[in-house]
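So the chains spell out like this:
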Amino acid sequence: MSLLLGRGDATRDVRRRAMEAYKVHPLVLVEISDYFTRTKMNIDPPEAEPDRLIGCLLGTQTPREVEINSSFECLYARPDGANGAIELDWKFLSEQKDRYKQTHAKLEIVGWYSTGEALDPVVDVAVTRALASRGVAESPVFMLYDPYLNDKKAEAYERAKQAASSAGGGGGSGGNSGGGGGGDDAAVGPMEGINTRDALTGAAAEIPIGLHRAVQRGGDVLALELVKYSIVTDEAERIAIDDLMRAGDWGQQTPAGQYLSHLRGMADATRMLETRVGAVLNHLRDVQARLVVSSDA
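Predicted model, so just to flag it, every value in this text is computed and none were measured.

What counts, and where the lines are drawn
Residues numbered from 1 in each chain as written. Predicted model: local features only at pLDDT ≥ 70, side-chain atom pairs only at ≥ 80, totals over all residues. Heavy atoms only, no water. Helix = DSSP H or I, 4+ residues; strand = E, 2+ residues; numbered from the N terminus. Buried < 20%, exposed > 50% of the residue type's maximum accessible area, 1.4 Å probe, protein only. Contact = heavy atoms within 4.5 Å. Areas by Shrake-Rupley, 256 points an atom, 1.4 Å probe, with all protein chains shown as cover. Core = buried A, V, L, I, M, F, W, Y, C linked by side-chain atoms within 4.5 Å. Pairing = 2+ DSSP bridges. Salt bridge = Lys/Arg side-chain N within 4 Å of Asp/Glu carboxyl O. pLDDT = per-residue confidence, 0-100. Phe/Tyr/Trp six-rings, centres within 6.5 Å; stacked < 30°, edge-to-face > 60°. Disulfide = S-S within 2.5 Å. Polar contact = N/O pair within 3.5 Å; in protein donor to acceptor, adjacent residues only side chain to side chain. 1 Å grid on protein atoms, 1.4 Å probe; cavity = no way out; pocket = protein on both sides within 12 Å on 5 of 7 lines; lining within 4 Å. Points joined across faces, edges and corners; volume = space filled by probe spheres on them. Nonpolar A, V, L, I, M, F, W, Y, C, P; charged D, E, K, R; others polar.

Glancing now at the overall build of the protein chain. In terms of regular secondary structure, the protein chain is built from seven helices and 13 strands. By the burial criterion, 33% of the 297 residues in the protein chain qualify as buried. Nonlocal contacts in the protein chain, meaning residues at least 24 apart in sequence, comprise 65% of its contacts between residues at least 6 apart. Approximately 17600 Å² of the protein chain is accessible, and the part contributed by carbon and sulfur atoms is 55%.

Written as structure tokens, this is what we have:
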């Protein structure tokens, strides 16, 4: 039974508005970014842009919380004369879902994602409604990933700096682009910022996604509404993301980058070993000087 199919049912409306927490795991962002990068790298000519990339979001959903843990890619077609409409490959989607259930039994499809710069109020709403009407997701959320968001912000930041410099305003403070935001550092809004800056340009960097929930406005009229979300991780995920960040820092796509990353790991391990050996050595010295009692005594 779908929350999106009734006609203003009061109980369902209360359940929808009672949703308080939307949580996104970094792995989802990595998977979507990787999908876009792989597609972009295989395009000929290289300067061309890929069509919209679409996938399903996996996670858990309760009446008060949606947690998005992972994702998988989806195939789709554009029917002739459908004015940009999208028809998902439902057979492929079902096969992918069954495959993921074998290793992630507790995860369900909680929504879908797409790449793009802006929400399409017709096409995106239609896909969301289709997911609900087919029983794929009870109350689907929609995630929009803009791969060029921070590039555009960096360009705007540089233009603003140049304009201020030419006007004789002196060095900018770097705060023009916003992104500071109050409240919980882990809570971010749709296309709102994390408190970080691009190391090369100084422009404020943002998590390039917007999360939307489906709401009904006046009978059967369905709309997608931006919501705030939190970034959440577990220990294993933090380690994996840290490794990916280091790979990006050192350029692991090249042999030299892989070697440098390997050396960095070896250096970290050596420092840890040195610390442990030093502690043992100090203990032995204390035992020899009779400052502590030997454990053999």
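Past the structure itself, the notes keep going.
With that out of the way, let us pick up the nonpolar core. The biggest cluster of nonpolar side chains holds 23 residues, and the ones touching the most others in it are L88, L93, I109 and L131. When contributions to this core are tallied by element, the ones reaching two or more residues are strand 2 (54–62), strand 3 (65–74), helix 3 (90–103), strand 6 (108–115), helix 4 (123–133), strand 7 (141–145) and strand 12 (222–227). Here this core takes four residues from helix 4, the largest share from any one element. When neighbours within four sequence positions are excluded, L88 is seen to be in contact with I54, L75, Y76, L93, V127 and L131. In terms of nonpolar packing, the next biggest core, distinct from the first, is built from 21 residues, L29, I32, I68 and Y229 among them.

Taken as a whole, helix 4 has its buried residues at V123, D124, V125, V127, T128, L131 and A132. Among the structural elements, strand 5 (87–88), helix 3, strand 6, strand 7, strand 11 (209–216) and strand 12 are those in contact with the buried residues of helix 4. Positive backbone phi, approximately 75 degrees, marks G135, located one or two places after helix 4.

Once that is clear, we can look at the pairing of strand 2. When strand 2 meets strand 3, the two strands line up antiparallel, connected through nine bridges. Directly across from L57, in strand 3, lies its bridge partner S71. Linking two consecutive strands that pair antiparallel, namely strand 2 and strand 3, is a turn of two residues. Relative to strand 6, strand 2 runs antiparallel, the two sharing six bridges.

All right, on to the pattern of salt bridges then. Counted according to the given criterion, the structure contains eight salt bridges. For E65, the salt bridge goes to K23, with nearest N and O atoms at 3.1 Å. Here E65 is found in strand 3, whereas its partner K23 is found in strand 1 (residues 21–24), with 42 residues between them in sequence. Residue class for E65 comes out partly exposed when judged on its relative accessible area of 24%. Relative accessible area serves as the criterion here: at 26%, K23 is assigned to the partly exposed category. Taking the shortest distance from any N to any O, the salt bridge between R213 and E225 comes out at 2.6 Å.

Averaged over every residue, the pLDDT of the protein chain is 76; the share at 70 or more is 70%. The model gives residues 170–185 a pLDDT under 50, and that stretch makes 15 contacts with residues more than four places away or in other chains. Counting interchain partners and residues more than four positions distant, the pLDDT-below-50 stretch residues 189–203 has 53 contacts.

Time to look at the packing of aromatic side chains. If you walk through the whole model with that rule in mind, you get three aromatic pairs. Considering the side-chain rings of F36 and Y148, the 5.8 Å spacing of their centres and the 85 degrees angle between planes classify their relative orientation as edge-to-face. With a gap of 112 residues between them, F36 in helix 2 (residues 26–41) and Y148 in the loop between strand 7 and helix 5 (149–166) connect regions that are remote in the sequence.

Where burial is concerned, most of strand 3 is hidden: eight out of the 10 residues are buried. The pairing of strand 1 with strand 3 spans four bridges and is parallel. Paired with V24 across the strands is I68, a residue of strand 3.

A few words now on the state of the cysteines. Simply put, disulfide is the name for a covalent bond between the sulfur atoms of two cysteines. This model, assessed by the stated rule, comprises zero disulfides. Left unpaired, C56 is separated from the closest cysteine sulfur, that of C74, by 3.5 Å. Relative accessible area serves as the criterion here: at 1%, C56 is assigned to the buried category. Among the residues examined, C74 registers a relative accessible area of 4% and is labelled buried.

Before going further, it helps to examine the side chain of N69. Mapping N69 onto the fold places it in strand 3. Within the structure, the side chain of N69 is placed 3.4 Å from the side chain of H25, a separation counted as a polar contact. Leaving out residues up to four positions away in the same chain, N69 has contacts with H25, L27, V28, L58, G59, T60 and L107.

Put simply, the second largest pocket is a space of about 170 Å³. F36, E49, P50, D51, R52, T115, G116, E117, D146, P147 and Y148 are the residues that line the second largest pocket. Of the residues contributing to the lining of the second largest pocket, the split by class is four nonpolar, two polar and five charged.

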